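Notes for the structure review
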Amino acid sequence: MLITAPQLVPQDEITLKIEGYWLASGILGVTGSSMRRVINAGADAVVTKSIGPRPRKGNPGPILTASHGGLLNAVGLTNPGIDQFSEEMELMKSSGIPVVLSIFGSTIDELVDVARKGVSMAPAAIELNLSCPHAEIGQISLDPCLTYDFVHAAREVADCPLLAKITPNASDIVAIGQAAERAGADAVVAINTVRAMKIDIYQRRPVLANKVGGLSGPSIFPIAVRCIYDLYSALSIPIIGVGGVSSWEDAIEMHMAGARAIEVGTAVLQGIGIFRQIKEGVQVYLKEQGFTDISEIVGIAGRT
Ligand SMILES: Cc1cc2nc3c(=O)[nH]c(=O)nc-3n(C[C@H](O)[C@H](O)[C@H](O)COP(=O)(O)O)c2cc1C
């Protein structure tokens, strides 16, 4: 049985299904050729780097460091701007798998402008980045009212599936997810990176020039599982899980918390073979445990 998102609108004859394993936003740059490598490696969909209203250089370096099994980044939403992105979008779409366009705007007017231009590129869906912890937009999904306003404004112009990516840094992530659902999001993507810091003990100052960054990778996996578990019982729309998945066992756990589809980010940097490893491991597990379809385990941990 295929699980499909509600209110699906086919774009360019490619219909996005909220299932499988996707490349998370911001990983492997924004080029069509890097996306193609991921597609060939078995990803079911790719999410682009977040694209904003105008070209953006991002933060000064250092922007990346490793810490406690994870990756700390303060890239700062480097991107070419929506007007420059249509060529890359065309390249990516020609691969034949769904391309989800991730967008952001610091104000509602900016977001609506980017969303309008994004829709004209006919992506399979639009993912709203409301949650980057080292840029001004990180504030949006800390607050249910702002979340509602941004998602609602994008909903008005987006006639394709709309995904709201939210932050674990909110004190009540369920209230944020519910605001996104009320505003018309077709799915919630949880989670973006966790606000974090590393200090160089010899330099006696933060390693990142931006001081604060977003932590990703295995060290945030249990945080993502908790967020998804809490959201699952409170929302009717599907949850796309992301955060620290690096094995098929992690994927099973995240499905059991409530994720219908899963995005993989930092683990892809260790090798793009991760998509096949996850898919094969999940299939073997389902068969061994007597399940016929992944839908039987989505949210199962909250049903007991
Ligand atoms: C270097 C880097 C850049 C990222 N850029 C973006 C971005 O542009 N937009 C976004 O929504 N998330 C971005 N993320 C967050 C990831 O999409 C993902 O939500 C997060 O890393 C958690 O998943 P992971 O642990 O599997 O990497 C970025 C993450 C990293 C490590």
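Higher on the page you've got the structure.
What you see is a predicted model, and the numbers here were worked out from it, not measured in a lab.

1. What to know about the packing of helix α6 (residues 221–234) against helix α7 (residues 248–257)
Their axes nearest at 8 Å, the elements α6 and α7 cross at an angle of 25 degrees. Classified by the angle between their axes, α6 and α7 sit roughly parallel to one another. Taken together, the residues of α7 that come into contact with α6 (itself represented by F221, A224, V225, I228, Y229 and Y232) are D250, E253, M254 and A257. Within the contact of α6 with α7, the residues separate by chemical class into 8 nonpolar, no polar and 2 charged.

2. Comments concerning the site of the ligand
Near the ligand there are 21 residues, and of these S25, S50, G217, G244 and T266 occur at the shortest range. The side chain of K49 places a nitrogen or oxygen atom 3.2 Å from an oxygen atom of the ligand. In this structure, S50 approaches the ligand through a side-chain N or O atom, which is 2.7 Å from a nitrogen atom. Burial of the ligand by the protein amounts to 95% of the accessible area it has alone, namely 610 Å². Here the residues of the shell around the ligand sort into 6 nonpolar, 13 polar and 2 charged.

3. Looking at the side chain of K93
Mapped onto the secondary structure, K93 falls in helix α2 (residues 86–93). Within the local environment of K93, its side chain forms a polar contact with the backbone oxygen of M121, the two atoms lying 2.5 Å apart.

4. Focus on the packing of helix α3 (residues 108–119) against helix α4 (residues 144–157)
For any two helices packed against each other, the geometry comes down to the angle between their axes and how far apart the axes lie. Direction vectors running N to C along α3 and α4 enclose 35 degrees, while the axes themselves pass 9 Å from each other. Considering how the two elements wind past one another, α3 and α4 form a crossing that is right-handed. Where α3 abuts α4, its residues I108, L111, V112, A115, R116 and V119 lie against D149, F150, A153, A154 and V157. Taken together, the residues of the contact of α3 with α4 break down into 9 nonpolar, no polar and 2 charged.

5. Quick notes on the environment of V38
The residue V38 is located in helix α1 (residues 32–40) in this model. Sequence-distant contacts of V38, defined by excluding residues within four places in its chain, comprise L23, L28, A43, V46, I272 and F275.

6. Structural notes on α6
The end-to-end C-alpha distance of α6, which contains 14 residues, comes to 20 Å, matching closely the 20 Å that a straight helix rising 1.5 Å per residue would cover. Buried within α6 are the following residues: F221, A224, V225, C227, I228 and L231. One face of α6 carries all of its buried residues, which in axial projection span an arc of 165 degrees. Among the exposed residues of α6, those oriented more than 90 degrees off its buried face are P222 and S233. Where α6 is buried, its residues meet β7 (162–166), α5 (173–182), β8 (187–190), β13 (239–242), α7 and β14 (259–264).

7. Section: the sheet that holds strand β4 (residues 70–73)
Hydrogen bonds between backbone atoms are what pair the strands of a sheet, whose relative direction is either parallel or antiparallel. Reading across the sheet, the 4 strands line up as β3-β4-β12-β9 and stay open at both edges, with antiparallel pairing between neighbours. Since the sheet does not close on itself, it has two edges, and those belong to β3 (64–67) and β9 (194–196), each with one partner. Strand-to-strand twist across the sheet, computed as the mean angle between neighbouring axes with direction ignored, equals 35 degrees. Summarising the sheet, β9 and strand β12 (residues 213–216) pair through 3 bridges and their orientation is antiparallel. When the sheet's bridge partners are listed, A196 is paired in β12 with G213.

8. Quick look at the pairing of β14
A large share of β14 lies buried, amounting to 5 of its 6 residues. Alignment of strand β1 (residues 20–23) against β14, held across 4 bridges, turns out to be parallel. Opposite Y21, over in β14, you have I262 as the bridge partner. In this sheet, β14 lies alongside β13 in parallel orientation, the contact comprising 4 bridges. Across the sheet, the residue bridging to I240 is A261, located in β14.

The rules behind these values
- Residues numbered from 1 in each chain as written.
- Predicted model: local features only at pLDDT ≥ 70, side-chain atom pairs only at ≥ 80, totals over all residues.
- Heavy atoms only, no water.
- Axes fitted to C-alpha atoms, helices over the stretch in contact; angles between N-to-C directions.
- Helix = DSSP H or I, 4+ residues; strand = E, 2+ residues; numbered from the N terminus.
- Parallel < 35°, antiparallel > 145°, perpendicular 65-115°, else oblique.
- Contact = heavy atoms within 4.5 Å.
- Nonpolar A, V, L, I, M, F, W, Y, C, P; charged D, E, K, R; others polar.
- Near = heavy atom within 4 Å.
- Polar contact = N/O pair within 3.5 Å; in protein donor to acceptor, adjacent residues only side chain to side chain.
- Areas by Shrake-Rupley, 256 points an atom, 1.4 Å probe, with all protein chains shown as cover.
- Left-handed = near helix turned anticlockwise from the far one by under 90°.
- Expected span 1.5 Å × (residues − 1).
- Buried < 20%, exposed > 50% of the residue type's maximum accessible area, 1.4 Å probe, protein only.
- Arc of directions from axis to C-beta.
- Pairing = 2+ DSSP bridges.

Treat this as a map of the structure, not an account of what it does.
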